[in-house]
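Each chain is listed here by its residues.
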Amino acid sequence: MDISFGHLRNRMSFTVKILLLATVAAVAFSWRSASANPDVWVKTAMNYRFVEGRITAISFEWQFDEYFSSRTIEAFDVNQNGTLEQGEIEHLRHEAFDPLKKFDYYVHVWVAGKKKLNRK
């Protein structure tokens, strides 16, 4: 497969920014009072699966900084026990990430000039 990694890296950077903005917006709208938001830092990684020298799968990981993570837990931790339980995680996913499905989470992979995206 012929993949432009420079293009993929640029698109990934854009994707992370969009996901971050959507997550910040979802969390911000769930708060009852306005507050300042410092910079949010995200560690990202792309993992590739190779079969016979060809890329057969790409997965992405995002890890948000401690401050953003703690604010997200505070906003979605309904029972205030300091941990996001399954129902609370589902609510976070529904509010912050599910709306991005229709845009393929802003992750676009191009192979030989054609857009490819196969989700499991």
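The paragraphs below set out a description of the structure included in this document. Predicted, not measured: the structure shown is a model, and the values here were computed from it.

1. Considering the overall build of the chain
Alright, step 1. Per the secondary structure count, the chain includes three helices and four strands.
Alright, step 2. In the chain, the order of α-helices and β-strands from amino to carboxyl end is α-β-β-α-α-β-β.
Alright, step 3. Of all 120 residues assigned to the chain, the portion counted as buried reaches 22%.
Alright, step 4. Nonlocal contacts in the chain, meaning residues at least 24 apart in sequence, comprise 52% of its contacts between residues at least 6 apart.

2. Focus: the pattern of salt bridges
Alright, step 1. Tallied over the entire structure, the rule returns three salt bridges.
Alright, step 2. A salt bridge links E90 to R93, with the nearest nitrogen and oxygen atoms 2.7 Å apart. Taken together, the residues span about one helical turn, with E90 and R93 both in helix 3 (residues 86–97) at a distance of three residues.
Alright, step 3. Salt-bridge contacts for K101 lead to D98; the nearest nitrogen and oxygen are separated by 3.8 Å.
Alright, step 4. Residue K101 is classed as partly exposed on the basis of its relative accessible area of 47%.

3. Some points on the pairing of strand 2 (residues 54–64)
Alright, step 1. Sheet topology note: the strand 1 (residues 42–51)/strand 2 ladder contains 10 bridges and is antiparallel. When the bridges of strand 2 are listed, R49 appears paired with A57.
Alright, step 2. In textbook terms, the turn of a hairpin is the stretch between consecutive antiparallel strands, and for strand 1 and strand 2 this stretch comprises two residues, one of which, E52, has a positive phi near 50 degrees.

Definitions and limits used
- Residues numbered from 1 in each chain as written.
- Predicted model: local features only at pLDDT ≥ 70, side-chain atom pairs only at ≥ 80, totals over all residues.
- Heavy atoms only, no water.
- Helix = DSSP H or I, 4+ residues; strand = E, 2+ residues; numbered from the N terminus.
- Buried < 20%, exposed > 50% of the residue type's maximum accessible area, 1.4 Å probe, protein only.
- Contact = heavy atoms within 4.5 Å.
- Salt bridge = Lys/Arg side-chain N within 4 Å of Asp/Glu carboxyl O.
- Pairing = 2+ DSSP bridges.

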